[in-house]
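# Residue-level structure breakdown
This is what each chain is made of:
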Amino acid sequence: MGGGGAAIAAMMQALRSNRIILKNRRKIFDKNPSKENLSHKKVHFKEATPEELAQFRARLKSKQKGERRIIFLVWTGALIALCTGIYFLLR
């Protein structure tokens, strides 16, 4: 009869491994050595000119217009299909 000795041995090994890991674990507030040499400079983003903003707005409006047209066509097609289906079911 098996007494589960292998399971107990595995449990003991896992506990031992966890104890070793805890000894070597860094604390939350320890400094990360890989980040010590980084310079903390402020990031500067390029500012858009009024012409670039106008161009971007025009492209955005045309894209939105195309998307609205596609949505309208999809809903119209779905409505026509629904009406056709109801017509043939009730006929």
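Above this text is the structure in question.
Keep in mind that this is a model prediction, so the values were computed, not measured.

### Things to note about the overall build of the protein chain
Helix and strand counts for the protein chain stand at two helices and zero strands. Within the protein chain, the fraction of its 91 residues that count as buried is 0%. As presented, the protein chain carries roughly 9700 Å² of accessible surface, and 65% of it is formed by carbon and sulfur atoms.

### Observations concerning a nonpolar patch on the surface
A cluster of nonpolar residues, Leu79, Leu82, Ile86, Leu89 and Leu90, forms a patch on the protein surface that exposes about 580 Å² of accessible area. Turning to its location among the elements, Leu89 is positioned in helix 2 (residues 50-90).

### Digging into the packing of aromatic side chains
Any two aromatic rings considered together are summarised by their centre-to-centre distance and by the angle between their planes. By the definition in use, this model includes one aromatic pair. Ring centres 5.3 Å apart and planes at 70° place the aromatic pair Tyr87 and Phe88 in the edge-to-face group. Residue classification places Tyr87 among the partly exposed residues on the basis of a relative accessible area of 47%.

### Comments concerning the environment of Glu52
Among the structural elements, Glu52 can be located in helix 2. What makes Glu52 partly exposed here is its relative accessible area of 34%. Beyond its immediate chain neighbours, meaning those up to four positions away, Glu52 contacts Lys46 and Glu47.

### Brief notes about the pattern of salt bridges
Scanning all chains against the criterion turns up one salt bridge. Its salt-bridge partner being Glu52, residue Lys46 comes within 3.9 Å of it at the nearest N-O pair. Relative accessible area serves as the criterion here: at 72%, Lys46 is assigned to the exposed category.

Conventions adopted
Residues numbered from 1 in each chain as written. Predicted model: local features only at pLDDT ≥ 70, side-chain atom pairs only at ≥ 80, totals over all residues. Heavy atoms only, no water. Helix = DSSP H or I, 4+ residues; strand = E, 2+ residues; numbered from the N terminus. Buried < 20%, exposed > 50% of the residue type's maximum accessible area, 1.4 Å probe, protein only. Areas by Shrake-Rupley, 256 points an atom, 1.4 Å probe, with all protein chains shown as cover. Patch = residues over 30% accessible without salt bridge, like charges linked within 9 Å, V, L, I, M, F, W, Y side chains within 5 Å. Salt bridge = Lys/Arg side-chain N within 4 Å of Asp/Glu carboxyl O. Phe/Tyr/Trp six-rings, centres within 6.5 Å; stacked < 30°, edge-to-face > 60°. Contact = heavy atoms within 4.5 Å.

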